[in-house]
Amino acid sequence: MEAAFPPRTFARGFHAEKLMTMRVLLADDERDFVDTLAERLSLRGYEVTTVHNGAEAVRAATSARPDVAVLDLFMPGLPGDETLRQLKVMYPDLPVILLTGHEAVDDNGTSPVAKAFACLTKPLAFKDFVAVLEAAARAGRQASEGGEDGQ
Amino acid sequence: MDNDSQCMARLLASAVHDLRNVLAVIRESAGLAQDLTALAMRQEQAAPDPQRLAGVLGEAQQSVIRGAALADAMDYVAQAARAEDNAPGPCDMTRVCRFFCLLAARQARAVQMRLESGEAAEPVWANVPPLALFGLLLDVLDLCASVGGQVTLRFTAQRHHREEGIVVDVPDGSNRELVLAALAGNPRLESLRPGWKAALMPWREAEPRFFLSFSSVADA
């Protein structure tokens, strides 16, 4: 039942003053939501790739090399926490934001969810979401620069 | 927690998740409409592209309709729970099937299943407690999920040989054969309450399908 849709890439300039393009991977099976969110982000200069399940997210992470990944926690097939775990094995410095339709997910810090940069509940306030995206990208850059310094 | 409460908790959690998604689509669609208007003003256009704007607003409207349907289903569950505290009346199995498919859609999607309620020509009234019937349908869904899901599962209320029940069939899906075998294996239905009996019986016509009967032991 899991249709294999090719990843969609949105990239249309709106804020020409944006100097550095941030690449964002959005994975959510709620297609209307993810496509609309992608369009809004692309209008602000983000380069967005959308996919609709966890397996596609893992594949798209390799091809799109995002600065930040945003995953729905309850996706069909490979759920968000397992997708997060696989992404962290492949790209330890990649910041991952989890989206969920439920409140509070991990209280004891032992599940893969604890490795997420942030866990946000839908519906999102777009401004807050963008602020978290930017903070996640900064943290990702710092982590990879720290890794390079250490080598 | 008793079976009815467990069933209600699972269905409501699934529905709330979908309702949050509905709200998220409405919020982002409204935001996108604002973005398009702001963009048009910035580019000194009189208005954003009307076709694009109509599409965005159409998505919001569709989501409102979806949200209203979910609210109806949640309301039905609440009313059913309240009615059972007093005296259970007859329930329309067609509505139960329709509302179950809405409420459990998210749970089904998690195992790559799709739920459909078949169209019945008229209401199928039965003197059964609706919450227990929801529980039985959840048992059937769990049974299909336990062997891997990945099918479409259809529930149609029907009167068969003067007995009201629900026809269960699996019209398509990559895992159809395994799911049909699980349904044919005389499964135990866990959600039964004392004084009631249920059975999922193979019913062979043009294709394999099953009849879920549910009645009071006293009626036997």
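These numbers come from a predicted model, not from an experiment. (Residues numbered from 1 in each chain as written. Chains lettered and ligands numbered in written order. Predicted model: local features only at pLDDT ≥ 70, side-chain atom pairs only at ≥ 80, totals over all residues.)

**Observations concerning the domain arrangement of chain B**
Residue and element names in this part refer to chain B.
So, point 1. For chain B, the domain assignment lists domain 1 (3-83) and domain 2 (91-219).
So, point 2. Placing a centre on the C-alpha atoms of domain 1 and another on those of domain 2 gives a separation of 28 Å.
So, point 3. Residue-level contacts link 16 residues of domain 1 with 16 residues of domain 2.
So, point 4. Sorting the residues of the side of domain 1 that touches domain 2 by element identifies α1 (3-42) and α2 (50-85) as the ones contributing at least two each. (Domains from an automatic or database assignment. Contact = placed C-beta atoms within 7 Å. Helix = DSSP H or I, 4+ residues; strand = E, 2+ residues; numbered from the N terminus.)

**Section: helix α1 (residues 31-43) of chain A**
Because the α-helix completes a turn every 3.6 residues, residues three or four places apart line up on one side.
Residues and elements named next belong to chain A.
So, point 1. With 13 residues, α1 should cover 18 Å at 1.5 Å per step; its first-to-last C-alpha distance of 18 Å lies within 8% of that length.
So, point 2. Taken across its 13 residues, α1 has ten buried, putting it largely inside the fold.
So, point 3. Those residues of α1 that fall on the buried side of the exposure criterion are D32, F33, V34, D35, T36, L37, A38, E39, R40 and L41.
So, point 4. Directly after α1, the chain includes G45, whose backbone phi takes a positive value near 95 degrees. (Expected span 1.5 Å × (residues − 1). Buried ≥ 20, exposed ≤ 12 C-beta atoms within 10 Å, placed from the backbone.)

**Details of the confidence of the model for chain B**
So, point 1. The share of residues in chain B with pLDDT of 70 or more is 93%, and the mean pLDDT across the chain is 88.
So, point 2. Confidence estimates for the predicted assembly give a pTM of 0.85 and an ipTM of 0.82. (pLDDT = per-residue confidence, 0-100.)

**Some words on the packing of helix α3 (residues 93-103) of chain B against helix α5 (residues 130-146) of chain B**
Residues and elements named next belong to chain B.
So, point 1. Taken N-terminus to C-terminus, the directions of α3 and α5 make an angle of 50 degrees; their axes are 10 Å apart at the nearest point. Between α3 and α5, the angle is such that the two are oblique. Both α3 and α5 take part in a crossing whose hand is right-handed. Across from M93, V96 and F100 in α3, the residues of α5 making contact are P130, L133, F134 and L137.
So, point 2. For the contact of α3 with α5, a count of residues per class yields seven nonpolar, no polar and no charged. (Axes fitted to C-alpha atoms, helices over the stretch in contact; angles between N-to-C directions. Parallel < 35°, antiparallel > 145°, perpendicular 65-115°, else oblique. Left-handed = near helix turned anticlockwise from the far one by under 90°. Nonpolar A, V, L, I, M, F, W, Y, C, P; charged D, E, K, R; others polar.)

**Some thoughts on the interface of chain A and chain B**
When the parts of a complex come together, some accessible area is lost, and that lost area is often used as the size of the interface.
So, point 1. Between chain A and chain B, the residue contacts involve 21 residues of the former and 22 residues of the latter.
So, point 2. Looking at the side of chain A that touches chain B element by element, the count peaks at seven residues for α1(A).
So, point 3. Here the residues of the side of chain A that touches chain B sort into ten nonpolar, four polar and seven charged.

**Comments concerning the pairing of strand β2 (residues 23-27) of chain A**
Residue and element names in this part refer to chain A.
So, point 1. Here β2 lies mainly inside the structure; four of its five residues are buried.
So, point 2. Summarising the sheet, β2 and strand β3 (residues 47-51) pair through five bridges and their orientation is parallel. By the bridge assignment for β3, A27 is matched with V51.
So, point 3. Following the backbone out of β2, through α1 and into the adjacent parallel β3, one traces a crossover that is right-handed.
So, point 4. Relative to strand β4 (residues 68-72), β2 runs parallel, the two being bridged by four bridges. For L25, the partnering residue across the bridge sits in β4 and is A69. (Pairing = 2+ DSSP bridges. Right-handed = clockwise from strand over helix to strand, strands pointing away.)

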